[in-house]
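# Structural description and commentary
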Amino acid sequence: MKKRWVPAVLAATAAYSAQAEKPNVIIIYADDLGYGDLQSYGAKNVETPNVNRLAENGVTFTNAHATASTSTPSRYSLLTGEYAWRKPGTEIAPGNAGMIIRPEQYTIADMFKSAGYNTAALGKWHLGLGDKTGQQDWNAQLPTHPGDLGFDYSYIMAATADRVPCVFIEDGQVANWDPEAPIEVSYRGNFPGEPSGTENPELLYNLKSSHGHSDAIVNGIGRIGFMKGGGKALWKDENIADSITEHAIEFIKKNAKTDEPFFMYFATNDVHVPRFPHDRFRGKNQMGLRGDAIVQFDWSVGQIMNTLEELGIADNTLVILSSDNGPVTDDGYIDYAEELLNGHSPTGGLRGGKYSAYEGGTMVPLIVSWPEKIKGNQTSDALISQIDWLASLASIVDTRIPKGGAPDSRNYADALLGKDKVGSDWVIEQANNNSLSLRTSDNWKLIEPSDGPAMVPWGPKIETGYRDVPQLFNLSSDNGEEKDVAAQNPEKTFELLKTLREVKEGKKQ
Ligand code: NG6
Ligand code: CA
């Protein structure tokens, strides 16, 4: 919140001081960034000085979890405080999905609005737009967008950088819309006369696909889904981080001039595929484009931090940095992410990765900084899940969640602020086949039985962790989930299956 001179008589009123104390809140949400991908988490092959600086100002968590091992369900859960597995249609969304969170549903932005905040969503959205899948008119104002979910401002990508439409959407309208090149989108078939990755691989001059990503070609890169038009509105992948960051800085600056605190959901495209960072981030480390994308992410973090400092609002801004799911190397483009690891482990040695039920799927970095209230250079092994951020933040900004809102979110504010080093008693993790795992604070991990192959079947070389029997791991002695001890511990297995069932049935929160 902006510092300003206040007459003594006004400063003394309770209303003003309550308002003045509310911190600005920024969620920096990376994409596919693994537990081992940051220097402050032990990464050796990449430098992340700005994230290091954030960590020096706050708490680094070593047992923090995304709600799911893919984007859409993780984001849904974070923004609504409801487990995505309760809601059909929350699997990885195509770019023409209708808006998954409906306007009447309570969101984290509604929560901040009720506490007097100005709110914004920037960057990757991946939760659908408009009223109906496939029915959007991208050349007009979309009927529903983040503005209907409590976000005063939004500048977003509809889905992911590898899905059409490849344009930014500002407050429900395509930014820089080009009247000469009306936009059409289809996830069913190509438009007559348009090239595609399958038919015209010679046009993939920026990145070639390793699996999938063979529909529309935009900026010399194959995408998922077909698209026509766009013209001047089409993004250039190398400028995505710049665009998102610039708009975020603008929002922060505008708000610093007001009396209200702000909430910003800053969801970067890095380090999701296609990894195509700007030239100025390239070639700085041995890991190639994936490493460069991490450097670009770190740059965005630095830009946000510098802006807060320049405006004199850094001390009373709560910054939460995390990722939507675990890491993946080859996720569909030939960018040599796997070949150039040079000993780096994106998961920090955990088993599995993006998509999987193993810890590599949902164990993510989490750094929380709030200089005015949190001592720097702390670590915490409190167990904490993103599903609980909404209720925890509501408590921090002193507002109440209406009945029925954020039904699965629990208040662990003290854990999030580093005061309580224990956190929650259990967290639930969702894998790509929707199977659930339960991880407890005493380090048991149960993976419920599910159908599905042992390896991700379409390209990424990742173990899924799926089996048709319950699996139990003792993470205290077996952090790598190598030895299934369910058979030796039938009672524990049964107990955890029962807890999971009770949460599913809404009997336990
Ligand atoms: C997969 C894509 C992958 C990525 C993922 C979503 C293919 C072959 N693979 O289906 O590239 O886009 O979906 O990632 O299409 S997420 O982080 O947004 O969940
Ligand atoms: Ca992701």
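What you are looking at is a predicted structure, and each value in this text was computed from that prediction instead of being measured.

## A few points about the confidence of the model for the protein chain
Considering every residue of the protein chain, the mean pLDDT works out to 96; 96% of them sit at 70 or more. Overall, residues 1-19 carries pLDDT values under 50, and its contacts beyond four positions in sequence, including any with other chains, amount to 22 contacts.

## Description of the environment of Ile294
With respect to the helices and strands, Ile294 occurs in helix H7 (residues 288-310). Residues Ile294 and Val46, spaced 248 residues apart in sequence, show a C-alpha to C-alpha distance of 7.6 Å. Residues in contact with Ile294, not counting those within four places in the same chain, are Leu33, Asp37, Val46, Thr48 and Val271.

## Quick look at the sheet that holds strand S15 (residues 378-380)
Taken together, the ten strands give an open sheet; going across it, the order is S7-S6-S5-S4-S12-S1-S13-S14-S2-S15, and neighbouring strands pair in mixed fashion. Every interior strand has two partners, whereas the edge strands, strand S7 (173-174) and S15, have only one. By the bridge criterion, seven bridges tie strand S1 (residues 24-30) to strand S13 (residues 317-323) in an arrangement that is parallel. Residue pairing in the sheet places Tyr29 in a bridge with Ser322 of S13. Across the sheet, H7 touches S1, strand S12 (262-267) and S13, and the angle it forms with S1 is around 170 degrees. Along the sheet, helix H9 (residues 389-396) makes contact with S1, S13 and strand S14 (366-369), crossing S13 at roughly 175 degrees.

## Examining the packing of helix H6 (residues 240-256) against H7
The contact between H6 and H7 brings their axes to 10 Å, and the two run at 15 degrees. Taken together, the axes of H6 and H7 are roughly parallel relative to one another. H7 is crossed by H6, and the crossing has right-handed handedness. Contact residues: H6 offers Ala241, Asp242, Thr245, Ala248, Ile249, Ile252 and Lys253, while H7 offers Gln296, Trp299, Ser300, Gln303, Ile304, Thr307 and Leu308. By residue class, the composition of the contact of H6 with H7 is seven nonpolar, five polar and two charged.

## Let's talk about the coordination of the calcium ion (ligand 2)
Within the protein, the calcium ion (ligand 2) binds to Asp31 (OD), Asp32 (OD), Asp324 (OD), Asp324 (OD) and Asn325 (OD1); these donor distances fall in the range 2.2 to 2.7 Å. Every donor counted, the six donor atoms about the calcium ion (ligand 2) form angles of 52 to 175 degrees at the centre, which fits irregular coordination.

## So, the site of ligand 1
The full set close to ligand 1 counts 20 residues, and Lys124, Asp162, Arg163, Asp331 and Lys354 are the nearest of them. His213 places a polar side-chain atom, nitrogen or oxygen, 3.0 Å from an oxygen atom of ligand 1. Between ligand 1 and Asp331 there is a distance of 2.8 Å, counted from an oxygen atom to a backbone nitrogen or oxygen. Computed on the free molecule, ligand 1 has an accessible area of 450 Å², of which 89% lies beneath the protein chains in the complex. With respect to the detected pockets, ligand 1 is housed in the second largest pocket. A per-class count over the shell around ligand 1 returns five nonpolar, eight polar and seven charged.

## Quick notes on empty space enclosed by the protein
In this structure the tally under the stated criterion is two cavities of 30 Å³ or more. Looking at the largest cavity, its volume works out to about 50 Å³. If you trace the largest cavity, you find it lined by Ile240, Ala241, Ile244, Thr245, Phe266, Thr268, Asn269, Asp270 and Ser300. The greatest single-element share of the lining of the largest cavity, amounting to four residues, is contributed by H6. Estimates place the volume of the second largest cavity at around 40 Å³. By residue class, the composition of the lining of the second largest cavity is three nonpolar, three polar and three charged.

## A short note on the nonpolar core
Core analysis: the largest hydrophobic core is formed by 115 residues, its most contacted members being Ile27, Met264, Tyr265 and Leu393. Per element, the largest residue contribution to this core is nine residues, and it comes from H7. Those residues within four positions of Tyr265 in sequence are excluded, and the remaining contacts are Ile27, Tyr29, Arg75, Leu78, Leu79, Ala120, Ala121, Leu122, Lys124 and Phe151. Counting 15 residues, the second largest nonpolar core, distinct from the first, contains Trp426, Ile428, Leu438 and Leu500.

## Quick word on the pairing of S1
Within a regular beta strand, the side chains point alternately toward one face of the sheet and then the other, so they alternate between its two faces. Here S1 lies mainly inside the structure; seven of its seven residues are buried. Side-chain alternation along S1 places Asn24, Ile26, Ile28 and Ala30 on one buried face and Val25, Ile27 and Tyr29 on a second face that is also buried. Of the strand pairs in this sheet, S1 and S12 are connected by five bridges, and their pairing is parallel. Looking at the pairing, Ile27 lines up with Tyr265 of S12.

## Notes on the sheet that holds strand S18 (residues 436-440)
Strand order across the open sheet formed by four strands is S17-S18-S19-S20, with antiparallel pairing between neighbours. Each end of this open sheet is capped by a strand with a single partner; those strands are strand S17 (426-430) and strand S20 (471-474). Averaged over all neighbouring strand pairs, the angle between strand axes comes to 15 degrees, with direction disregarded. Here S18 pairs with strand S19 (residues 444-447) via three bridges, running antiparallel. Bridge pairing in S19 places Leu438 opposite Leu446.

## Considerations on the layout of surface pockets
Approximately 370 Å³ is the volume attributed to the largest pocket. Together, 23 residues line the largest pocket, and Thr329, Asp330, Glu338, Lys461 and Ile462 are the ones closest to its centre. In terms of residue class, the lining of the largest pocket is made up of eleven nonpolar, five polar and seven charged. Lining of the second largest pocket is provided by 20 residues; of these, Asp162, Arg163, Ile224, Asp331 and Tyr355 occupy positions nearest its centre. Looking at the lining of the second largest pocket residue by residue, the class counts come to five nonpolar, eight polar and seven charged.

Calculation rules
- Position numbers for residues start from 1 in each chain and track the written sequence from start to end.
- Following the order in which they are written, the chains are lettered starting with A and the ligands numbered starting with 1.
- Confidence filtering applies because this is a predicted model: local features only for residues at pLDDT of at least 70, side-chain atom pairs given and counted only at 80 or more, and all residues used for totals across whole chains, interfaces and linings.
- The side-chain values count all of the structure's non-hydrogen atoms but skip hydrogen atoms and water molecules.
- As a per-residue measure, pLDDT reflects the predictor's confidence and takes values from 0 up to 100.
- Contacts between residues were defined by any pair of non-hydrogen atoms, one from each residue, lying within 4.5 Å.
- The numbering of helices and of strands both runs from the N terminus, where a helix is a DSSP run of H or I of at least 4 residues and a strand a run of E of at least 2.
- Whether two strands pair depends on DSSP finding at least two bridges between them.
- Lines fitted to the C-alpha atoms define the axes, with helices restricted to the stretch that makes contact. Angles between their N-to-C directions range from 0 to 180 degrees.
- Orientation is classified from the angle alone, with under 35 degrees giving roughly parallel, over 145 giving roughly antiparallel, 65 to 115 giving roughly perpendicular, and any other angle giving oblique.
- Two helices that cross are described as forming a left-handed crossing if the nearer one is turned anticlockwise from the farther one by less than a right angle, and a right-handed crossing if clockwise.
- When residues are sorted by character, Ala, Val, Leu, Ile, Met, Phe, Trp, Tyr, Cys and Pro go into the nonpolar class, Asp, Glu, Lys and Arg into the charged class, and all the rest, Gly among them, into the polar class.
- Any N, O or S atom lying within 2.8 Å of the metal counts as a donor, and for Na, K and Ca the limit rises to 3.2 Å; water is left out, so some sites can look incomplete.
- When four donors show all angles between 85 and 135 degrees the site is tetrahedral, when four or six donors have opposite pairs over 155 degrees and all other angles between 65 and 115 it is square planar or octahedral respectively, and in every other case it is irregular.
- Any residue with a heavy atom lying within 4 Å of a molecule or strand is counted as near it.
- We define a polar contact as two N or O atoms separated by no more than 3.5 Å, with the added condition that, inside protein, one atom must be a possible hydrogen donor and the other a possible acceptor, whereas residues neighbouring each other in sequence contribute only through side-chain atom pairs.
- Each accessible area value is a Shrake-Rupley result obtained with a 1.4 Å probe; residue values ignore everything except the protein chains displayed when judging cover.
- Here a cavity is any set of points on a 1 Å grid over the protein atoms alone where a 1.4 Å probe fits but cannot get out, and a pocket is any open set with protein on both sides within 12 Å along at least 5 of 7 lines; a residue lines the site when it has an atom within 4 Å of a point.
- Molecules are considered to sit inside a cavity or pocket once more than half of their atoms lie within 2 Å of its grid points.
- Grid points are joined across faces, edges and corners, and a volume is the space filled by probe spheres set on the points.
- Throughout this description, the term nonpolar core refers to a set of buried Ala, Val, Leu, Ile, Met, Phe, Trp, Tyr and Cys residues connected via side-chain atoms within 4.5 Å.
- Think of it in three bands: residues with accessible area under 20% of the maximum for their type are buried, residues over 50% are exposed, and the middle band is partly exposed, with areas taken using a 1.4 Å probe on protein chains only.

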